[in-house]
Every structure is written in structure tokens, then in C-alpha cells.
Amino acid sequence: MNDLALRSLTKRYGPAAAVDGVTLDIPGGRFICLLGPSGCGKTTLLRLIAGLETPTEGRILVGGEDITDRPTHRRDFGMVFQSLALFPHLSVGDNVAYPLAIRGRPKAERDRRAAELLELVRLPGLAGRRIHQLSGGQRQRVAIARALAVDPRLFLLDEPLSALDAALRDHMQMELRQLQTRLGITTLVVTHDQKEALTMADLVIVMDKGRVQQMGAPMEIYRDPANAFVAGFIGSSNLLPATLLDRSMIEVSGRRIPLAPQDRVKTAPGPALLSVRPEDVRLAEEGLPARVTFIRDLGESVQIVLDQDGREMTALFAPRERPDVQIGETVQLAFAPGGVVVLAP
Ligand code: ATP
């Protein structure tokens, strides 16, 4: 299996670091999403791995082998970029077989492999077409087929689906995921779309300011964010300034709130942030007072927006559990046991 290891990988442009000391061990055969806000360094990290950028510092290892100084074309990686970079003057088949042509493989082998790959990406029989005769989704598949032509050790994709409309994008997410599962290639996808990352990936790497903030399975990142950035960036989270008194008690707006043993405490007593997902907010007899400012029916759930001491909070309820409250009413909030994460401020 081609696992990928990064050791203190850094890329500086002038004094600023686009990628800042990234050390990661990425297990082979997985589907990994690199996720983060615009400018966080995810594209630069992918380009460093691909060999399209030279690191200022650090090493890259694939399957235990140091490839840092190896040129791109000798890394045997498959790559798909947002622009796709297909060749308009070549047929679909010749586009797909292009990596074999530059390796000097004979025509018969190229045609056979192109047919095989077009079958794999569900475009059988389209080898003779021109690129401009294809839809956006079909072009995406041609780019994917071409990237797979040489049995890549790593499959690297930069925002491969961002140009597609929502429905096609959902569909291609599923196809790409199924294809990767069948082939078992270690796959890295850059995306700024958290829904895409959470639905496709085995592992999500969350980046901010050139650094890895957390790597974990989608549920782990969602349920157990490592810090306030991840809690705020992934899903919607209520983040409340608080004071942690001890392992079993936290204070918010002067009210003491007991913590459950399952709640995760990631900071020492003192100033803290209480993070709780909307689905873990409950109404109680006694708790944290908040005023209902808005009630929104979303069909599969009911969202209640609250003002807690000048901060906006949201709570989410199943339609059957919709609480009987009115806008303007003051309610008491409690949190589901295990739903609270206490983070460093
Ligand atoms: P986006 O989602 O907007 O593409 P990103 O997370 O992929 O963002 P990068 O493209 O990796 O971010 O850029 C990270 C930082 O490095 C940014 O501040 C960017 O301006 C800077 N940067 C990237 N490439 C260069 C370059 N060639 N020269 C100078 N600065 C660069």
C-alpha cells in the first residue's frame, strides 16, 4: 500500500508560509480530503506532493521511499485539476492514453487501455469523440480516466468537481468514491466544501493558515473537534465563551452548568470556549437562559434561533420533538450528555 508521509513540509513565498511545517502520516488505500478556507494552503500542499512546487523545507515519503527530489513525471501519480487540462485537438481516447504515449507505449496497447479506462469511468464507446462534444460531467470522467492510465501510486485531485452544477456534483462525488473503493488507490482530494469532504472521505485533513488543524474520520472531526477553528469551520456550532471550573463544572454567563462524564474537555481550568452542536441543545426546566428570536421549519427538522446573553445560538429538533415555544419567550437551555466539547479559547 502506498502510504504517504510528510515531514515538516514547508513552502514559503517570501516571508509568508503557504504551507507551514506539515507533518502527517496518511495511511495507504484511503480516500482523503484536504479541507480548509480559501488561502489556507491546501492547493500548495497538493502541488508539493505532486512535485509541481519545490518545498522550502521538509520531506515527502511514499511507501517509505523519499521522493522529495524526484521530478513530477517520475513520481507515477495521477492528477486531476479543476481546469481538467484536456487537449482539445486530441480525441477522447488519445486524451486518456496520452500518459502512455509520452512513455512510448505502442498504439495497440494505448487503444486497448483507453477503451478499458473509458469503460471504468462509464464512457464506453466514446474514444473517437472530440472533447468539445462532451458534457461537463463527461469531461470530468475523461480527466479522471487519463489520470488513472498509468496505475498511479497516488491519485491527486484539486477541486475536481467544483465546476459542476449541484446535482451532477452529488452524482460525481458518489462515482468518484465508488471508483476509488474499487481501485484502492490512495487518493487526496482538495476541496473547500465541507459537505463534500464529510460525505466522501475516509479521513479529513482540516487546514488553516498553512497548518494542519486536525486529521480524523468525518464523524470524529464533527463530534470531537480539536480546537475552536475546527469546531467553527465544520458544521454549525454554538461557541460560547465560558470559564472551566473543573472537570465536572463550567460557567457560562454567570451560570454553572454541570458537565457529563462523556463531554470532552480539551483545556485546563480557566477561560474556555464551550462548543455544542445545534442537535445537542435541549430545553430544560433549569439551565442557561436564552430568548427565542426565530423559529424555522426545515421539513426534516425545526430550527430555533436564540439570543443567549447577546450571542446567537441555534437548536435543532426533530419535527415530533418540536418544543411548544413562541418568539420572544425566554427558555432554559441544557446540553445532551456527550454533546459538549470544552476548548481552549
Ligand atoms: P483556495 O481554496 O483559494 O485555492 P488554498 O487553500 O488552495 O486556497 P493556496 O492556493 O495553497 O491556498 O495558497 C496559500 C497561500 O499561499 C495564499 O495566501 C496564497 O496567496 C499564497 N500563494 C500561493 N501560491 C503562491 C505563489 N506562487 N506566489 C506567492 N504566493 C502564493
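What you see is a predicted model, and the numbers here were worked out from it, not measured in a lab. Within every chain, residues take consecutive numbers counted from 1 along the sequence as written. Where totals are concerned, whole chains, interfaces and linings use all residues; where local detail is concerned, this predicted model gives features only for residues with pLDDT of at least 70, and gives and counts side-chain atom pairs only at 80 or more.

> Sorry if this is basic, but what is going on with the overall build of the protein here?
Counting secondary structure elements, the protein contains eight helices and 21 strands. Here the C-beta atoms are placed from the backbone, and a residue counts as buried if at least 20 other C-beta atoms lie within 10 Å of its own, exposed if 12 or fewer do, and partly exposed otherwise. Looking at the protein as a whole, 37% of its 345 residues are labelled buried. Partitioning the intrachain contacts of the protein with sequence separation of at least 6 by distance along the chain shows that 65% fall at a separation of at least 24. Secondary structure elements follow DSSP: runs of H or I of four or more residues count as helices, runs of E of two or more count as strands, with numbering from the N terminus. Residue pairs qualify as contacts under a 7 Å threshold applied to their C-beta atoms, which are placed from the backbone.

> How should I be thinking about the site of the ligand in this particular structure?
Close contacts around the ligand come from Tyr-13, Ala-18, Gly-36, Ser-38, Gly-39, Cys-40, Gly-41, Lys-42, Thr-43, Thr-44 and His-192, and that covers them all. Here the element with the most residues in the shell around the ligand is helix H1 (residues 42-50); it accounts for three residues. The criterion for a residue being near a molecule or strand is a backbone-placed C-beta atom within 6 Å of that molecule or strand.

> For this particular structure, what's the right way to read the sheet that holds strand S11 (residues 238-246)?
Paired through backbone hydrogen bonds, the strands of a sheet run either parallel or antiparallel to each other. When DSSP finds two or more bridges between a pair of strands, those strands are recorded as paired. The strand order across the open sheet formed by six strands is S13-S12-S11-S15-S21-S14, and the pairing between neighbours is mixed. A single partner strand is all that each edge strand has here, and the edge strands are strand S13 (255-258) and strand S14 (264-265). Pairing of S11 with strand S15 (residues 270-276) involves seven bridges; the strand directions are antiparallel. For Leu-239, the partnering residue across the bridge sits in S15 and is Ser-275.

> Explain the pairing of strand S18 (residues 302-308) here, please?
Within a regular strand, side chains alternate between the sheet's two faces. Examined bridge by bridge, strand S17 (residues 288-297) and S18 share six bridges and lie antiparallel to one another. Considered in S18, the bridge of Phe-294 is made with Val-305. Counting the residues in the hairpin turn of S17 and S18 gives four residues, including Gly-299, whose phi is positive at 90°. In this sheet, strand S19 (residues 311-317) lies alongside S18 in antiparallel orientation, the contact comprising seven bridges. If you follow Val-302 over to S19, its bridge partner there is Phe-317. Hairpin connection, S18 to S19: the antiparallel pair is bridged by two residues, and Asp-309 has positive phi, about 55°.

> Hey, could you run me through the environment of Asp-202 in this one?
Structurally, the position occupied by Asp-202 is in the loop between helix H6 (194-200) and strand S9 (203-208). When neighbours within four sequence positions are excluded, Asp-202 is seen to be in contact with Arg-30, Phe-31, Ile-32 and Ala-217.

> Sorry if this is basic, but what is going on with the sheet that holds strand S2 (residues 16-26) here?
Strands sit in the order S2-S1-S4-S5 across an open sheet of four strands; the sheet is antiparallel. In this open sheet, the two edge strands, each paired with only one partner strand, are S2 and strand S5 (65-66). Note: strand S4 (residues 57-62) against S5, two bridges, orientation antiparallel. The residue bridging Leu-61 from the neighbouring strand is Asp-66, located in S5. Lines fitted to the C-alpha atoms define the axes, with helices restricted to the stretch that makes contact. Angles between their N-to-C directions range from 0 to 180 degrees. Sitting on the sheet, H1 is in contact with strand S1 (4-13), S2 and S4, with an inclination near 65° to S2.

> Sorry, what's going on with the UniProt feature "domain: ABC transporter" (unreviewed entry) in the protein here?
UniProt positions are given in the numbering used here, feature names are shortened, and annotations may be inferred rather than shown by experiment. This chain's UniProt record puts "domain: ABC transporter" (unreviewed entry) on residues 4-234. Strand forms 26% of residues 4-234 and helix 35%; the C-alpha atoms that close the span are 25 Å apart.

> Honestly, the packing of helix H2 (residues 92-101) against helix H4 (residues 136-147) in this entry has me stumped. Any pointers?
Pairs of packed helices are described in terms of their axes, by the angle between the two and the distance that separates them. Their axes nearest at 7 Å, the elements H2 and H4 cross at an angle of 30°. The angle between the axes of H2 and H4 places the two elements in the roughly parallel class. The crossing of H2 and H4 is right-handed. Facing Val-92, Asn-95, Val-96, Tyr-98 and Pro-99 of H2, the residues of H4 in contact are Val-142, Ala-145 and Arg-146. Residue classes in the contact of H2 with H4 are distributed as six nonpolar, one polar and one charged. When an angle is under 35 degrees it counts as roughly parallel; over 145 it counts as roughly antiparallel; between 65 and 115 it counts as roughly perpendicular; any other value is oblique. Two helices cross in a left-handed way if the nearer one is turned anticlockwise from the farther one by less than a right angle. They cross in a right-handed way if the turn is clockwise. Each residue is assigned to one of three groups, with Ala, Val, Leu, Ile, Met, Phe, Trp, Tyr, Cys and Pro labelled nonpolar, Asp, Glu, Lys and Arg labelled charged, and all others, Gly among them, labelled polar.

> Where do I start with H4 in this structure?
In this analysis, the expected span of each helix is defined as 1.5 Å times one less than the number of residues it contains. The end-to-end C-alpha distance of H4 is 17 Å, a good match for the 16 Å that 12 residues give at a rise of 1.5 Å each. Within H4, the full set of buried residues consists of Gln-140, Arg-141, Val-142, Ala-143, Ile-144, Ala-145, Arg-146 and Ala-147. On the buried face of H4, the contacting elements are strand S6 (77-80), H2, helix H3 (107-120), strand S7 (154-158) and helix H5 (166-183).

> So what exactly am I meant to see when it comes to the environment of Val-62 here?
Along the chain, Val-62 falls in strand S4. Separated by 129 residues in the primary sequence, Val-62 and Thr-191 place their C-alpha atoms 22 Å from one another. Setting aside anything within four residues of it in sequence, one finds Val-62 in contact with Asn-2, Leu-4, Ile-67, Arg-153 and Leu-154.

> I keep staring at the nonpolar core and nothing clicks. Help me out?
Structurally, a nonpolar core is described as a collection of buried Ala, Val, Leu, Ile, Met, Phe, Trp, Tyr and Cys residues joined by way of C-beta atoms within 7 Å. Core analysis: the largest hydrophobic core is formed by 84 residues, its most contacted members being Cys-33, Leu-34, Val-96, Leu-156, Val-206 and Leu-274. Domain start and stop points were drawn from an automatic or database domain assignment. Built from parts of two domains, this core gets at least three residues from each of domain 1 (4-223) and domain 2 (236-343). Not counting residues within four places of it along the chain, the set of residues in contact with Cys-33 comprises Val-189, Thr-191, Ala-197, Met-200, Ala-201 and Val-204.

> Please explain the environment of Thr-68 as it appears in this structure.
Structurally, Thr-68 is set in the loop between S5 and S6. Sequence-wise, Thr-68 and Pro-55 are 13 residues apart; in three dimensions their C-alpha atoms are separated by 8.2 Å. Once residues lying within four places of it in the same chain are set aside, the contact partners of Thr-68 are Pro-55, Arg-59 and Ile-60.

> Sorry, what's going on with the domain arrangement of the protein here?
Examined at the domain level, the protein breaks down into domain 1 (4-223) and domain 2 (236-343). Placing a centre on the C-alpha atoms of domain 1 and another on those of domain 2 gives a separation of 40 Å.

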